[in-house]
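In case you want the letters, here they are:
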Amino acid sequence: MPKSTSAQVGRPPKFSRAEIVAAAGRIVAAEGVARLTMRRLAREIGGTPMALYHHVRDKEELLLLLLDDHAERMPRPDLPDDPLDRIVTVAAAIRDGLADCPWIVEVLTADDLMSEAALWYVEHIVAAAVEAGLSPERAVHAYRAIWHYTAGDLIVRTAAARRRADDERPTRREEVFADLDAAAYPHLARVADRWEPLTGQDTYRRSLRALAAGLLAEG
């Protein structure tokens, strides 16, 4: 007599933590962090919210898993000997590694979640600052300034790209600069017709180097 399979009827589908992380990543990439809920994730993987709780405690733990997964896949460049060059190299690697995942910047700028896998980058920036002569405390302040600059650059560029993709009409800024009062704003008027391409240039590394050099000089 064939073995009965009735005990398996209605058994919930099994899925791994890796599958959960991958599905959560698809949701935040397409819909944003706010749309990531246990119920939405359950629909994505064909399970139930209760089944998910066997793998992740809550949304915060899920976001930490996503952060760790992304940080572990980010490039870790060869590091130059010079402390300033090392800071620029590591900070640029952070920016390049986060450029295609703006939602991560949104999560990190809340300043309450930290991926342990990302501490490699923080450690090397702080270590380079100390090697350059800053105290450990000032080195932390230097890292914070560099991170704020990097995060700000990513946020502004992402928002601008989204605005251009969603609406081809001239921005309010473009309209203002097109009719700028040269008597009131003589310096801006000189570059008004080039403002958009000038501000659209990627000067991150050059500005980063100037920022980092100034921070190290304070030591």
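Residues numbered from 1 in each chain as written. Predicted model: local features only at pLDDT ≥ 70, side-chain atom pairs only at ≥ 80, totals over all residues. Heavy atoms only, no water.

The name an unreviewed UniProt entry gives the chain is AcrR family transcriptional regulator, with Actinomadura namibiensis as the organism.

Undergrad: What should I look at first to understand the UniProt feature "DNA-binding region" (unreviewed entry) in the chain in this one?
TA: The positions that UniProt labels "DNA-binding region" (unreviewed entry) are, in the present scheme, residues 37–56. In this annotation, residues 37–56 is assigned 60% helix and 0% strand; the end-to-end C-alpha distance for the span is 12 Å. (UniProt positions renumbered as here; feature names shortened; annotations may be inferred. Helix = DSSP H or I, 4+ residues; strand = E, 2+ residues; numbered from the N terminus.)

Undergrad: Looking at this structure, how should I read the packing of helix H1 (residues 17–31) against helix H2 (residues 38–45)?
TA: Helix-helix packing is characterised by the crossing angle of the two axes and by the distance between the axes. At their nearest, the axes of H1 and H2 sit 10 Å apart, and the two run at 110° to each other. Relative to H2, H1 is oriented roughly perpendicular. Handedness of the crossing formed by H1 with H2: right-handed. Packed against H1, whose contacting residues are Glu19, Ile20, Ala23, Ala24, Arg26, Ile27 and Glu31, the element H2 presents Arg40, Leu41, Glu44 and Ile45 at the interface. Across the contact of H1 with H2, the residue classes tally to 6 nonpolar, no polar and 5 charged. (Axes fitted to C-alpha atoms, helices over the stretch in contact; angles between N-to-C directions. Parallel < 35°, antiparallel > 145°, perpendicular 65-115°, else oblique. Left-handed = near helix turned anticlockwise from the far one by under 90°. Contact = heavy atoms within 4.5 Å. Nonpolar A, V, L, I, M, F, W, Y, C, P; charged D, E, K, R; others polar.)

Undergrad: Just checking my understanding: could you explain the domain arrangement of the chain for this structure?
TA: Quoted interface sizes are often the accessible area lost when the parts come together. Partitioning the chain into domains gives domain 1 (13–73) and domain 2 (76–218). Computed over C-alpha atoms, the centres of domain 1 and domain 2 are 29 Å apart. Between domain 1 and domain 2, the residue contacts involve 12 residues of the former and 16 residues of the latter. Between domain 1 and domain 2 we count 0 salt bridges in total. Inspection of the domain 1/domain 2 interface yields 3 residue pairs in polar contact (both at pLDDT 80 or more). Of all elements in the fold, only H1 and helix H4 (59–73) reach the threshold of two or more residues within the side of domain 1 that touches domain 2. (Domains from an automatic or database assignment. Salt bridge = Lys/Arg side-chain N within 4 Å of Asp/Glu carboxyl O. Polar contact = N/O pair within 3.5 Å; in protein donor to acceptor, adjacent residues only side chain to side chain.)

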